[in-house]
Each structure stands twice: as structure tokens, then as C-alpha cells.
Amino acid sequence: MSINTAPIKYAQRSDSLYLTIALPDVKDETIVLTDTELKFDGKSQGKEYKVGIEFFKPVDAEGSTYKVLPRSIQMQILKKDKEEEEFWPRLLKDKALEKNQVKIDWDRYVDEDEEEEAGGFDTSNLEGGMGMGGMPPGMGGMPGMGGMPGMGDMMGGMGGMPGMGGGGMPGMPGGMDMEALMKQMGDMGAMGGGMPGMGDMGGEDDGDDDDDGDLDDLPDLEETN
């Protein structure tokens, strides 16, 4: 199968580039961005495409993002040297290659003198996209986690422990409250059955106080000269 060159269009601001690989229904894509190059391989409508370009100046691969959309792949690529605050004269280091492979994205294009009025790029299409480093931007955690569930969710939305509000404990009859449960446990203790690991919850004296009483019965020590 022959490999085709994927069409690219771009626009820029003083601090970033907005690239679009204009291919619909891209499958099996591989996108590699470094501080100097962009490489892409993928399939679209049964054909294989690739991109291999070197940027006019270094970019910030770590801070850049992309998203595969139904009709294209879109990327916001940050420029490395943001202090320059100037537009590049072209996208690629190779001027001849740019003429054959790259077009201006006129929908996002603004003149350098009009940048302040036009503002930055509309990046709504990139929401939920992937960082070029493999991590979703702004997650601050593991991919796909989406945040840990709150305690209320972990408790099943009951607002307390199961069985506390008359909801019943697992394995107990529905509607049994704590008072009835404690009474049942006390009755079991009185019958000598007890519950393993629970101790004596029937309210009977466990004998600990007898130790203090025995100390009161000891005779006083005699003083010796």
C-alpha cells in the first residue's frame, strides 16, 4: 500500500501554533512531537498517511496538546521561546517543503498587528484531548481516573453507616434499629451464647471493679524504725 503525505494547515499567535491534519476518520494513528519535529502516521478511509516536518524554531512539546476529531486531528503547539513574542515567517525550517505540504488556516489566521484584538485561539475543540507527553492536560493524576469518589458516594449516599438510620445492616431484617439489635445481642449474652469478638455487651459486670475493691481490704503497712 502506498503512503501519502497528509495535508497540513496552520495558524499562529506569538506564543503558539494551531495545526490541523486535514484527514477524516483517522485510525491507528501515531503522533510524536519533539521540540524540533512532528511525526505522524495513520490511516484514513483505507489509505495510509504520514507527516514528517521540522519546525522553523523549537517548540514546547511537553506543554502541547492534540485531539483526534471525526474530520481532522487538531493540535495546539506552544512555541519554546515565548519571550520573543513574534510571529514566525513560516512554519517549517525547509521553505521548499512548506510550499508543497503546508497551507494557511484562514479560519484561524490573524495578522501579527491584529493579534491583541483577536485574542488567542479557540481551543474548545481540544477539550478532553491528550498531552503530547501522553498525559491528559491539567489532570494532575493518573489517566482515566477522573477523580476519586467522594465519601458520600462510597457510603452509597446513605449519609451514614448502613443500618444506622433504620435501613438495616447487611444480613439483618430490614428496618431493624440499633436499640433492637443491642437488645438482641444482650439476650444472646444472657443465654450464654455471646458473639465472638464482641465481648459481653449485655451490661453485666465484667469483674474489673473487684480488683480495686480488693486493694481497699489490704491491712496498713506497719512502720519500722
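The name an unreviewed UniProt entry assigns to the protein chain is CS domain-containing protein, from the organism Cylindrotheca closterium. The heading Sequence similarities (unreviewed entry) in the UniProt record of the protein chain holds the text "Belongs to the p23/wos2 family."

Time to look at the nonpolar core. Leu 17, Leu 19, Phe 40, Phe 55 and Met 75 are the most contacted members of the largest nonpolar core, which has 27 residues in total. Among the secondary structure elements, those contributing two or more residues to this core are strand S2 (8-12), strand S3 (16-21), strand S4 (26-33), strand S5 (37-44), strand S6 (47-54), strand S7 (59-69) and strand S8 (72-79).

At Asp 25, a position not held by glycine, the phi torsion is positive, near 50 degrees. Among the secondary structure elements, Asp 25 is positioned in the loop between S3 and S4. Its identity is not glycine, yet Asp 28 carries a phi of approximately 50 degrees, on the positive side. With respect to the element layout, Asp 28 can be found in strand S4.

Conventions we followed
- Residues numbered from 1 in each chain as written.
- Predicted model: local features only at pLDDT ≥ 70, side-chain atom pairs only at ≥ 80, totals over all residues.
- Heavy atoms only, no water.
- UniProt positions renumbered as here; feature names shortened; annotations may be inferred.
- Core = buried A, V, L, I, M, F, W, Y, C linked by side-chain atoms within 4.5 Å.
- Buried < 20%, exposed > 50% of the residue type's maximum accessible area, 1.4 Å probe, protein only.
- Helix = DSSP H or I, 4+ residues; strand = E, 2+ residues; numbered from the N terminus.

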